[in-house]
Structures are given as C-alpha cells and as structure tokens.
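An overview of the molecular structure
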Amino acid sequence: MTSSHTDCHFCLQSLRGRKYALREENAYCVPCYDSLYANPCEECKQPIECTSKDLAYKGRHWHEGCFRCAKCSRSLVEKPFAAKDEVLLCTECYSDEYSSRCFHCQKTIMPGSRKMEFKGSSWHESCFVCQYCQQPLGTKPLITKDHENYCVPCFEKQFAHRCYACKKVITSGGVTYDDQPWHKECFVCAVCKTQLSRQRFISKDECPYCVDCFNKFYAEKCAACKKPITALGGAKYISFEERQWHRECFNCIRCSASLVGQEFLTRQDDILCHKCGSA
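Residues numbered from 1 in each chain as written. Predicted model: local features only at pLDDT ≥ 70, side-chain atom pairs only at ≥ 80, totals over all residues. Heavy atoms only, no water.

Let's talk about the overall build of the chain
Scanning the chain from terminus to terminus reveals five helices and 20 strands. Taken over the C-alpha trace, the chain has a radius of gyration of 46 Å; the compact-globule value for 279 residues is 19 Å, which it surpasses by more than 25%. With the C-alpha coordinates of the chain rotated into their principal frame, the extents come out at 150 × 40 × 30 Å. Looking at the chain as a whole, 31% of its 279 residues qualify as buried. Contacts in the chain between residues far apart in sequence, at least 24 positions, make up 11% of those at least 6 positions apart. (Helix = DSSP H or I, 4+ residues; strand = E, 2+ residues; numbered from the N terminus. Rg over C-alpha atoms; globule rule 2.2 N^0.38 Å. Buried < 20%, exposed > 50% of the residue type's maximum accessible area, 1.4 Å probe, protein only. Contact = heavy atoms within 4.5 Å.)

Structure below.
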C-alpha cells in the first residue's frame, strides 16, 4: 500500500487518468470507494455513489431524485418538509394529514408556525385575541364566556358584577342579597361587621344584621319574658294592643294556662283566663 494519491488505497491500482475520491487523506478509485463507503438510499435501497449527491437527514440518506414527499411525490430538495413516524412529507401534505385547525378561523396551523393551545383547542397566535379589544392574549390571564375569550380588563368592563358595598368588581364567588351582588367579605352585619355569608341574618331597611345585633336593637320584646321575639325558624307570636308575646308565653298571669286561641280578659297590663278574670 502506498501513501501517495497515485494508487487506490484499497485495490492498489493506479489512479492515473481515473476519477478517485478522498477519505481521511486516502485516495480510492470510484468502485472501491462506493463499495466501501457509499450510503444506501432510504427510498430505492441502492448505494449513493460518490458521483451522486447524497442528501442526509437524521442519519438517513437519499439520492437527490429519491428525496420526495411520501404522499404526493414532489421533490423536497431545498424545500421545507416535516417528518412523521420517519416518513417525510411536504408541508402541505403534513398539514392535511396531521396539523391542527385554528379554533377561530378553521384554517390549518402550518408546521413551524406558533400555535396557542387553550382548553383542548388550538389557535393561530394572530387569532388568539380578546374578543372585545382584539389585542393578542398570548400567555396573559383570560376569562371565557360563551366560548369567547376576553382579557381580564375587558371582561370586567363588559360583564363583571360590582359589589353593592365597595363598588369594586367581583371576579369570583360572591353573595347575592336583595337582588344585589356583594363580595363575601363585604357582606357583613350593619352593626358589628361580622361576615354573614355563612350564617343566619335578618334584614331591616335593606340592611343585613346578624341575629344577635337585630335582637339587641330591633326585635320586639315579649311582654311576659322580656326576651326578643324573632321570626327565625318560622316562630309565631301573639300581638294585642301594641304588645307582643311569644306563643309559649301567652299565659294567664294567675294560673299559667295557655291563652292561645282562648278567650281572655285584661286587667291593667295583665292578661287572665276567663275563669281567673271572673273570680
């Protein structure tokens, strides 16, 4: 073997007047080079001779004429393409077979273009905008209503309720009272300011009160026991001459017999059953 380029490094035949190829500074005649180093073509399985153009992609090789779309057979040389399961496709065929369609415009989202995904659907970046102001949403916070997307400021401007107490937007949750929306933290007793969203309350003059405050300041007092009379739980009471009694307190002052549904007599501020009053 010789280190000069006058003989083939493998078969040692003279290269004078013949084409040859170099590999790692060694010269080979074309037949030897092809038999030793030529890559097999992925399409036709024939060797890609040193006199042919070898197109490579991810460790695989093709003749220039074999580098084509697997579906429409158009040449992919110097054109954009995509691969699916090791099959090469032109961008048009790939889009027809595999690409998503934009939820907004229903057109194909081409390979290589930026795609926005939200709630299982896809959008072109230019189509993923606020329904009201038409500004791109990108990765900004958004709110969906009736299958349309809105940036938070536009949604609040168009749809959000404002708290009856503080007048600020209610972004989530809230309480409805007297047909008005409230923040939970704003729905408080008008006197002691205790939050009422999870407890019983009583309304007076369009204001809510906790039971204790209402009883303390507004509830009528029983003429017998002097305790508040409230309507909570459907409690019933007796009213006579601007005085009220708990049903269980409306008894004869002498014998304690219940006077509910019975005839009774009055003596100054006292009430008596007919028997005691006649004695």
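Looking at the confidence of the model for the chain
Per-residue confidence for the chain gives a mean pLDDT of 85; residues scoring 70 or more make up 96%. Mean pLDDT across the secondary structure elements of the chain bottoms out at helix H2 (residues 91–98), with 79, and peaks at strand S4 (residues 60–63), with 94. (pLDDT = per-residue confidence, 0-100.)

Description of the pairing of strand S13 (residues 201–204)
Of the strand pairs in this sheet, S13 and strand S14 (residues 207–210) are connected by four bridges, and their pairing is antiparallel. The residue bridging phenylalanine 201 from the neighbouring strand is cysteine 210, located in S14. (Pairing = 2+ DSSP bridges.)

Re the UniProt feature "domain: LIM zinc-binding" (unreviewed entry) in the chain
When the UniProt feature table is mapped to this numbering, "domain: LIM zinc-binding" (unreviewed entry) covers residues 39–99, 100–161, 162–219 and 220–279. In residues 39–99, helix accounts for 13% and strand for 26%; the two terminal C-alpha atoms are 32 Å from one another. As annotated, residues 162–219 comprises 12% helix and 24% strand, and the C-alpha atoms at either end are separated by 32 Å. (UniProt positions renumbered as here; feature names shortened; annotations may be inferred.)

Notes on the state of the cysteines
Counted by the stated rule, this structure contains zero disulfides. As a non-bridged cysteine, cysteine 8 has cysteine 11 as the owner of its nearest cysteine sulfur, 3.6 Å distant. For cysteine 222, which is in no disulfide, the shortest distance to another cysteine sulfur is to cysteine 225 and amounts to 3.8 Å. When its relative accessible area of 1% is taken as the criterion, cysteine 222 is described as buried. (Disulfide = S-S within 2.5 Å.)

Regarding the packing of aromatic side chains
If you walk through the whole model with that rule in mind, you get 23 aromatic pairs. Each ring, one from tyrosine 150 and one from phenylalanine 159, has its centre 5.2 Å from the other, and the planes form 75°; the classification is edge-to-face. Tyrosine 150 sits in the buried class, given a relative accessible area of 10%. Judged by its relative accessible area of 31%, phenylalanine 159 falls in the partly exposed class. Ring pairs connect the aromatic residues Tyr164, Tyr177, Trp182, Phe187 and Phe201, which therefore count as one cluster. Across from the ring centre of tyrosine 37, 4.1 Å away, lies the NZ or CZ of arginine 23, which sits over that ring. (Phe/Tyr/Trp six-rings, centres within 6.5 Å; stacked < 30°, edge-to-face > 60°. Lys NZ or Arg CZ within 6 Å of the ring centre and 35° of its normal.)

Examining the domain arrangement of the chain
The domain architecture assigned to the chain consists of domain 1 (38–97) and domain 2 (220–278). Here the C-alpha centre of domain 2 lies 101 Å away from the C-alpha centre of domain 1. (Domains from an automatic or database assignment.)

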